[in-house]
Amino acid sequence: MRIDIITVLPELLQSPFNASILKRAIDADLVEVHFHNLRDYTSDNYKSIDDTQFGGGAGMVMMIEPIDKCITALKEQRDYDEVIFMTPDGVTLNQGIANHLSLKENVIILCGHYKGVDQRVRDQFITREISIGDYVLSGGELGAAVLCDAIIRLIPGVLGNETSALTDSFQDNLLAPPIYTRPRDYKGWKVPELLFSGNFPKIEKWREEQAYQRTKDRRPDLLGD
Ligand code: ADE
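Keep in mind it's a predicted model, so treat the numbers as computed, not measured. (Residues numbered from 1 in each chain as written. Predicted model: local features only at pLDDT ≥ 70, side-chain atom pairs only at ≥ 80, totals over all residues. Heavy atoms only, no water.)

Topic: the site of the ligand
Heads up, the condition is: Proximity is defined per residue: if any heavy atom of the residue lies within 4 Å of a molecule or strand, that residue is considered near it. The definition of a polar contact used here is a pair of N or O atoms within 3.5 Å, where within protein one atom must be able to donate a hydrogen and the other to accept one, and adjacent residues in sequence count solely through side-chain atom pairs. Working definition of accessibility: Shrake-Rupley area with a 1.4 Å probe, residue cover restricted to the visible protein chains. Secondary structure elements are taken from DSSP: a helix is a run of H or I of four residues or more, a strand is a run of E of two residues or more, and numbering for both begins at the N terminus. Lys, Arg, Asp and Glu make up the charged group, whereas Ala, Val, Leu, Ile, Met, Phe, Trp, Tyr, Cys and Pro make up the nonpolar group; the residues left over, Gly among them, are polar.
Around the ligand, the neighbouring residues are M86, T87, P88, I130, S131, I132, G133, Y135, V136, L137, G139 and G140. A distance of 3.2 Å separates a nitrogen atom of the ligand from a polar atom in the backbone of G133. L137 is positioned such that a nitrogen or oxygen atom in its backbone is 3.0 Å from a nitrogen atom of the ligand. Protein contact buries 97% of the 260 Å² of open area that the ligand shows by itself. Elements with a contribution of two residues or more to the shell around the ligand: β5 (82-92) and β7 (128-131). With three residues, β5 is the largest single contributor of residues to the shell around the ligand. Looking at the shell around the ligand residue by residue, the classes come out as seven nonpolar, five polar and no charged.

So this is what it looks like as structure tokens:
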């Protein structure tokens, strides 16, 4: 998979890709991530990427020209499955969207800034608009990093144990059950006895019940009943 991220703040985006699972995935050539500084596609001396709003109103608007030039230059190199715009008024990211995008070959992510982008960018280039939650960030960069993390860990071969992504919270619209490790007894706080029983069907059933109960308590909306 190849991800091209268009941003005015590439430096804000580097570090999540230089550590842990994302770095390993890049080093293993399971994913390529490229950053494109929008200012490299400007045509004036000030390297302007935004301007005031037609019709009046507070806040600057990202202009179509540098974005068009950048996306067009990328599309001349290869076909893209998706051109995603990070914006608080997009569809809220969930595991289903992450699963879907993890199967794509080439994806562009455009990070929004200021008041937003000229609507013609959204109309002409964007195939999908994603929000990472109902709050407003200063820009789309942190959202893009969240989206990339959610996608990249799902690419086959990225996680050491292939089954571990399948048992994540949300994969079956259920939250994950409680988990434990050593010591068995810490300050009198004990691990449930059943987990030492060796009765794996019973342990599995317990986990399913716990996952269901946790989902019912915390996120009944996921159960849809
Ligand atoms: N840009 C600003 N706020 C955002 C959000 N909540 N999700 C995605 N991109 C954003």
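Now that the structure has been shown, we can carry on.
Some details on the nonpolar core
Operational definition: As used here, the term nonpolar core means buried Ala, Val, Leu, Ile, Met, Phe, Trp, Tyr and Cys residues forming a set that is joined through side-chain atoms within 4.5 Å. Each residue's exposure class comes from its accessible area (1.4 Å probe, protein chains only) as a fraction of the maximum for that residue type: buried when under 20%, exposed when over 50%, partly exposed otherwise. The contact rule is simple, with two residues in contact once any of their heavy atoms fall within 4.5 Å.
Among the nonpolar cores identified, the biggest contains 25 residues, and I5, F17, I84, I109, I130, L147 and I152 are the most heavily contacted of them. Among the secondary structure elements, those contributing two or more residues to this core are β1 (2-7), α2 (20-27), β5, α4 (95-101), β6 (106-111) and α6 (141-152). With six residues, α6 is the largest single contributor of residues to this core. Dropping the residues within four chain positions of it, I109 is found in contact with I3, D4, I5, I6, I84, M86, A144, L147 and C148. Counting residues in hydrophobic clusters, the runner-up holds 18 residues, among them L38, L74, Y80 and I126.

Focus on the UniProt feature "binding site: S-adenosyl-L-methionine" (unreviewed entry) in the chain
To keep things clear, this is the line we draw: UniProt positions are given in the numbering used here, feature names are shortened, and annotations may be inferred rather than shown by experiment.
Mapped onto the present numbering, the UniProt feature "binding site: S-adenosyl-L-methionine" (unreviewed entry) falls at G112, I132, G133, D134, Y135, V136 and L137. Residue placement: G133 occurs in the loop between β7 and α6. In this view, L137 contacts I132, L142 and G143; residues no more than four positions away in its chain are not counted.

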